[in-house]
Amino acid sequence: MAINVEKLNTLLQNFVSATSDVEGAALVTPDGLPLATSLPGGMDDERVSAMSAAMLSLGERIGSELARGSIDRIYVEGTHGYGVLTSCAEDAVFLVLANRSAKLGVLMLEIKRAIAELKLVLM
Amino acid sequence: MEIMRLVVTGPVGAGKSTFIRSVSEIDVVDTDRRATDEASLLKPKTTVAFDFGRLQFSPDMALHLYGTPGQARFDFMWDILIRRAHAYMLLVAAHRPREFHYARRILSFMQRRSRAPLIIGLTHTDQPGTWDEENILIALGFPNPDRHPPIVSVDATEAGSVAVAIMTLLQHYSQVQQRNVEQPAPHR
Ligand SMILES: Nc1nc2c(ncn2[C@@H]2O[C@H](COP(=O)(O)OP(=O)(O)OP(=O)(O)O)[C@@H](O)[C@H]2O)c(=O)[nH]1
Ligand SMILES: [Mg+2]
């Protein structure tokens, strides 16, 4: 199966530049390799991808251990903003980095939209 | 109740997850995901965060067993896990000499962060092309036959064999503890 990486990259870049308060995004494999990334300068693709996979796998495990069912998303809120991880189809994980002024509700909607588009390319 | 945290590390496919699954008394926390990298040449799944298992070693001692991922892109997990380890084991597949150099890199990563006692476990010694201990030790950076960590052969798929390896690690741990009591390490 050949994934159209160029298309994925374009989608990510558009998403990052068109969505207010979003600073970066990455689409990675569940075993932590980058598929497509548009990350702030200075962030290492490989490292971010591996961390995303690790975090989602642990989150899913915690979700089942604590009887929360299947996990829709995991998010990290820090003094500098948000990191939101969403699983995107079976074979990808979507990471979005947003700054502190992001409105969470809007952000979640935008992520949902982006995932719908990404899924079409991944299929 | 005393808790000992033991870490199992080593290259992809050495048998870290299998090792822990073989002896854990609880359902192992497993973060294996479908492998899309070189790991997929060896097996369908690979660990992306850690394995966690538990073994009641004696009425007053529980072992917490942590398995690391094998790939260096997960070295942030190596770092998190090794810093809290009481002792650890480097698992190396004895029939994959091309990975010895990488195993040595993992080892130096760990030794820069932890002074916990370690032993070396050789897996896959039932396979053709297995190197002998002496040469593996040299490849791992221990050329002096009198100065190297304890080394054992272990079949990660066999609970009995894994138990022996864990015993060896615990014995080594208590010997090192004993030595430190007798001649305390200078403060650094
Ligand atoms: N023949 C043989 N097979 C072994 C032995 N030890 C482990 N294996 C097999 O080797 C494979 C090891 O797979 P894992 O336990 O997933 O390896 P891992 O070290 O956790 O790998 P990563 O998580 O990808 O880094 C399994 O298929 C085991 O059944 C052994 O001593 N002999
Ligand atoms: Mg594993």
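Every value quoted in this text rests on a predicted model; they were computed, and no experiment measured them. (Residues numbered from 1 in each chain as written. Chains lettered and ligands numbered in written order. Predicted model: local features only at pLDDT ≥ 70, side-chain atom pairs only at ≥ 80, totals over all residues. Heavy atoms only, no water.)

Asker: In this structure, what is going on with the overall build of chain B? I would like to understand it.
Answerer: Scanning chain B from terminus to terminus reveals five helices and eight strands. Along its sequence from the N terminus, chain B presents helices and strands in the succession β-α-β-β-β-β-α-β-α-β-α-β-α. Expected size for 188 residues packed as a compact globule is a radius of gyration near 16 Å; at 16 Å, chain B falls within 12% of this value. Each principal axis of the C-alpha atoms in chain B carries an extent, and together these give about 50 × 40 × 30 Å. Buried positions account for 52% of the 188 residues belonging to chain B. Taking all contacts inside chain B whose residues are at least 6 apart in sequence as the whole, residues at least 24 apart take part in 70%. Put simply, chain B shows about 9400 Å² of open surface, and 51% of that area lies on carbon and sulfur atoms. (Helix = DSSP H or I, 4+ residues; strand = E, 2+ residues; numbered from the N terminus. Rg over C-alpha atoms; globule rule 2.2 N^0.38 Å. Buried < 20%, exposed > 50% of the residue type's maximum accessible area, 1.4 Å probe, protein only. Contact = heavy atoms within 4.5 Å. Areas by Shrake-Rupley, 256 points an atom, 1.4 Å probe, with all protein chains shown as cover.)

Asker: Before we go on, may I ask you to explain the interface of chain B and chain A in this structure?
Answerer: The parts lose accessible area when they come together, and the size of an interface is often stated as this lost area. Listed as interface residues are 18 residues of chain B and, on the opposing side, 16 residues of chain A. Where chain B abuts chain A, roughly 1400 Å² becomes buried across the two surfaces, and 59% of that area is made up of carbon and sulfur atoms. The largest share of the area that chain B buries against chain A comes from Arg33, Arg73 and Phe76 of chain B, three residues that together contribute 41% of it. Counting every contact that joins chain B to chain A gives four salt bridges. Its salt-bridge partner being Asp91 of chain A, residue Arg34 of chain B comes within 3.2 Å of it at the nearest N-O pair. The tally of links between chain B and chain A comes to seven residue pairs in polar contact (both at pLDDT 80 or more). Put simply, the parts of the chain that give the side of chain B that touches chain A at least two residues each are β2 (32-34) and α2 (75-83) of chain B. (Buried area = accessible area lost by both parts, 1.4 Å probe. Salt bridge = Lys/Arg side-chain N within 4 Å of Asp/Glu carboxyl O. Polar contact = N/O pair within 3.5 Å; in protein donor to acceptor, adjacent residues only side chain to side chain.)

Asker: So what exactly am I meant to see when it comes to the packing of α2 of chain B against helix α3 (residues 100-113) of chain B here?
Answerer: Helix packing geometry: the angle between the two helix axes and the distance between the axes. Residue and element names in this part refer to chain B. Viewed as axis vectors pointing N to C, α2 and α3 meet at an angle of 50 degrees, and their least axial separation amounts to 9 Å. Relative to α3, α2 is oriented oblique. Considering only the axes of α2 and α3, their crossing is right-handed. Every residue of α3 that contacts α2 at Asp75, Trp78, Asp79, Ile82 and Arg83 is listed here: Tyr102, Ile106, Phe109, Met110 and Arg113. Among the residues making up the contact of α2 with α3, the classes are represented as six nonpolar, no polar and four charged. (Axes fitted to C-alpha atoms, helices over the stretch in contact; angles between N-to-C directions. Parallel < 35°, antiparallel > 145°, perpendicular 65-115°, else oblique. Left-handed = near helix turned anticlockwise from the far one by under 90°. Nonpolar A, V, L, I, M, F, W, Y, C, P; charged D, E, K, R; others polar.)

Asker: What is the right way to look at the coordination of the magnesium ion (ligand 2) in this model?
Answerer: Tetrahedral metal sites with four donors have an ideal angle of 109.5 degrees; octahedral sites with six donors have ideal angles of 90 or 180 degrees. All names here are of chain B. Taken together, Ser17 (OG) and Thr47 (OG1) make up the full set of protein donors to the magnesium ion (ligand 2), lying 2.0 Å away. With Ser17 in helix α1 (residues 16-23) and Thr47 in strand β3 (residues 45-47), the pair connects residues that are 30 residues apart, well separated along the chain. Comparing Ser17 with Thr47 shows no difference in burial state: the two are buried. (Donors = N, O, S within 2.8 Å, 3.2 Å for Na, K, Ca; no water.)

Asker: Help me understand the confidence of the model for chain B, please; the structure alone is not making it clear to me.
Answerer: A low pLDDT score tells you not to read the predicted coordinates there in detail. In this model, chain B carries an average pLDDT of 95, and 98% of its residues clear a pLDDT of 70 or more. Prediction confidence for the complex, expressed as pTM and ipTM, is 0.92 and 0.86 respectively. (pLDDT = per-residue confidence, 0-100.)

Asker: Where do I start with the environment of Asp27 of chain B in this structure?
Answerer: Position of Asp27 of chain B among the secondary structure elements: in the loop between α1 and β2. Along the sequence, Asp27 of chain B and Pro117 of chain B sit 90 residues apart, while their C-alpha atoms lie 27 Å from each other.

Asker: Teacher, can you tell me more about the packing of aromatic side chains here?
Answerer: Aromatic ring pairs are described here by two measures, namely the spacing of the ring centres and the angle between the planes. All names here are of chain B. Summed over the entire model, instances satisfying the criterion amount to seven aromatic pairs over all chains. Note on Phe74 and Phe76: the rings are 6.3 Å apart at their centroids and 55 degrees apart in plane angle, and the pair reads as tilted. Given the relative accessible area of 11%, Phe76 is considered buried. On the basis of an interplanar angle of 85 degrees and a centroid distance of 5.2 Å, the ring pair of Trp78 and Phe109 is categorised as edge-to-face. Here Trp78 is found in helix α2, whereas its partner Phe109 is found in helix α3, with 31 residues between them in sequence. Here Trp78 falls in the buried class, since its relative accessible area comes to 4%. An aromatic cluster of three or more residues is present, and its members are Phe50, Phe52 and Tyr66. Positioned over the ring face of Phe109 is Arg113, at 3.5 Å from the centre of the ring. (Phe/Tyr/Trp six-rings, centres within 6.5 Å; stacked < 30°, edge-to-face > 60°. Lys NZ or Arg CZ within 6 Å of the ring centre and 35° of its normal.)

Asker: I tried to follow the pairing of strand β5 (residues 93-99) of chain A on my own but got confused; where do I start?
Answerer: Consecutive side chains of a regular strand alternate in pointing toward one face of the sheet and then the other. Residues and elements named next belong to chain A. In terms of burial, β5 is a largely internal element, seven of the seven residues being buried. Here β5 shows no split at all, with Val93, Leu95, Leu97 and Asn99 on one side and Phe94, Val96 and Ala98 on the other all buried. As defined by bridge partners, strand β1 (residues 22-28) adjoins β5 across six bridges and the pair is classed as antiparallel. By the bridge assignment for β5, Val22 is matched with Ala98. Inspection of the sheet shows strand β4 (residues 81-87) paired to β5 by seven bridges, in the antiparallel sense. Pairing of Gly81 across the sheet is with Asn99, part of β5. (Pairing = 2+ DSSP bridges.)

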